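Residue-level listing of the chains:
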Amino acid sequence: EAGVAQSPRYKIIEKRQSVAFWCNPISGHATLYWYQQILGQGPKLLIQFQNNGVVDDSQLPKDRFSAERLKGVDSTLKIQPAKLEDSAVYLCASSAVAGRFYEQYFGPGTRLTVT
Amino acid sequence: QKEVEQDPGPLSVPEGAIVSLNCTYSNSAFQYFMWYRQYSRKGPELLMYTYSSGNKEDGRFTAQVDKSSKYISLFIRDSQPSDSATYLCAMKNTGRRALTFGSGTRLQVQP
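Scoring rules and cut-offs
Throughout, a residue's number is its position along its own chain's written sequence, starting from 1. Here the convention is simple: chains get letters from A, ligands get numbers from 1, in the order in which they are written. Thresholds applied to this predicted model are a pLDDT of at least 70 for local features of residues and 80 or more for the giving and counting of side-chain atom pairs; totals over whole chains, interfaces and linings are not thresholded and use all residues. Side-chain numbers come from the whole structure's heavy atoms, not from hydrogens or water. Two kinds of site are reported from a 1 Å grid over the protein atoms alone, namely cavities, where a 1.4 Å probe fits but cannot get out, and pockets, open sets with protein on both sides within 12 Å along at least five of seven lines, and residues are called lining when an atom falls within 4 Å of a point. Grid points are joined across faces, edges and corners, and a volume is the space filled by probe spheres set on the points. Each helix is a run of DSSP H or I of at least 4 residues and each strand a run of E of at least 2, with the numbering of both proceeding from the N terminus. Classes in brief: Ala, Val, Leu, Ile, Met, Phe, Trp, Tyr, Cys and Pro nonpolar; Asp, Glu, Lys and Arg charged; the others, Gly included, polar. Under the scheme applied here, a residue whose accessible area is under 20% of the maximum for its type counts as buried, over 50% as exposed, and between as partly exposed, the area being computed with a 1.4 Å probe on protein chains only. In this description, strands pair whenever DSSP reports at least two bridges between them. Residue contacts follow a heavy-atom distance rule, with two residues in contact if any of their heavy atoms lie within 4.5 Å. Disulfide assignment relies on a single distance test, namely cysteine sulfur atoms paired within 2.5 Å. What counts as an axis is a line fitted to C-alpha atoms, over the stretch in contact for a helix, and the angles between N-to-C directions run from 0 to 180 degrees.

Enquirer: Looking at this structure, how should I read the layout of surface pockets?
Expert: Regions of empty space are outlined by a rolling probe, equal in size to a water molecule, passed over the atoms. Looking at the largest pocket, its volume works out to about 700 Å³. Lining the largest pocket are 29 residues, and of these Q37, L39, G40 and R111 of chain A together with Q38 of chain B lie nearest its centre. Contributing elements (two or more residues each) for the lining of the largest pocket: β9 (88-95) and β11 (110-114) of chain A together with β9 (85-92) of chain B. Ranked by residues supplied to the lining of the largest pocket, first place goes to β11 of chain A with 4 residues. Each residue belonging to the lining of the largest pocket can be placed in one class, and the counts come to 11 nonpolar, 13 polar and 5 charged.

Given below as structure tokens:
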């Protein structure tokens, strides 16, 4: 079974630029999560999708971050414009059933550096 | 004050040692407790999941939850160099969708 795929793996941008990350979850997984992991901290949930609907985006900075999951499969997370404090690893995870929240399978992450 | 506190380490032990990793928390509503392992440049992977209080064992790993003390532990027996990673605790209550993660403890097992 293929794991969660993310691209790019690394991205360096200047502040005020925009950036987009892509995630392909495990086939058949209905629930998709985007996390932000700042160096030395645990992951923080940004947004959770159930199929192509948003079920939790309470910690998403909506003035600059946006995410979509078209057709309930792939997802993109966008930052526009980026700030220095957005430097972090952005992790995508998926789970087969929303109720089994502990069985989240994480991708390798995209490491974003904002200069 | 953070909801979940975890010593960042690094914790360095010799191969074969018993490792004890711990988290404390302040939110008494947490009912679900998890331990994840995260290797460098990788995403976290689930090691143990426990609901409410008690112990759970899986191979070399034992998870303990003491809700009265708001304290959880992960024990690793016969530690191996391949156990060298960052260990994250995570918690959840029924009223919140998101997991709350600790900041992680970096473990180094010396051969």
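Enquirer: Hey, could you run me through the pairing of β9 of chain B in this one?
Expert: The two faces of a sheet get side chains in turn, since along a regular strand they alternate between them. All names here are of chain B. The buried count for β9 comes to 7 of 8 residues, which makes it a mostly enclosed element. Pairing analysis gives 3 bridges linking β9 to strand β11 (residues 105-110), with the strands arranged antiparallel. By the bridge assignment for β11, A85 is matched with L107. Relative to strand β10 (residues 100-101), β9 is paired through 2 bridges, and the arrangement is antiparallel. Within the sheet, the bridge partner assigned to A90 lies in β10 and is F101.

Enquirer: Explain the side chain of D56 of chain A here, please?
Expert: If you trace the backbone, D56 of chain A turns up in strand β6 (residues 53-56). When near neighbours in sequence (up to four residues on either side) are disregarded, D56 of chain A contacts L45, L46, I47 and Q48 of chain A together with R97 and A98 of chain B.

Enquirer: Sorry, what's going on with the state of the cysteines here?
Expert: Covalent bonding between the sulfur atoms of two cysteines is what defines a disulfide. Counting across every chain of the model gives 2 disulfides over all chains. There is a disulfide in this structure between C23 of chain A and C92 of chain A, and the S-S distance comes to 1.9 Å. Of note, the bridge from C23 of chain A to C92 of chain A carries an S-S torsion of about -70° and is left-handed in sense. Of this pair, C23 of chain A sits in strand β3 (residues 19-24) while C92 of chain A sits in strand β9, and the two are 69 residues apart along the sequence. Using a relative accessible area of 0% as the deciding quantity, one classes C92 of chain A as buried. Across the disulfide from C23 of chain B sits C89 of chain B; the S-S distance is 2.0 Å. Here the disulfide of C23 of chain B and C89 of chain B is left-handed, its torsion about the S-S bond being about -100°. Here C23 of chain B is found in strand β3 (residues 19-25), whereas its partner C89 of chain B is found in strand β9, with 66 residues between them in sequence. In this structure, C23 of chain B and C89 of chain B share a single accessibility class: buried.

Enquirer: Would you mind going over the sheet that holds strand β1 (residues 5-7) of chain A with me for this structure?
Expert: Neighbouring strands of a sheet are bound in pairs by backbone hydrogen bonds; such pairs are parallel or else antiparallel. All names here are of chain A. Strand order in this open sheet of 4 strands is β1-β3-β8-β7, and the pairing throughout is antiparallel. Here the strands that pair on one side only, and so sit at the sheet edges, are β1 and β7 (65-68). Ignoring which end each strand starts from, the neighbouring axes of this sheet average 15° apart. Where β3 and strand β8 (residues 75-79) come together, 5 bridges link them in antiparallel fashion. Counterpart to C23 in the pairing with β8 is S75.

The values are spatial; any link to function lies outside them.
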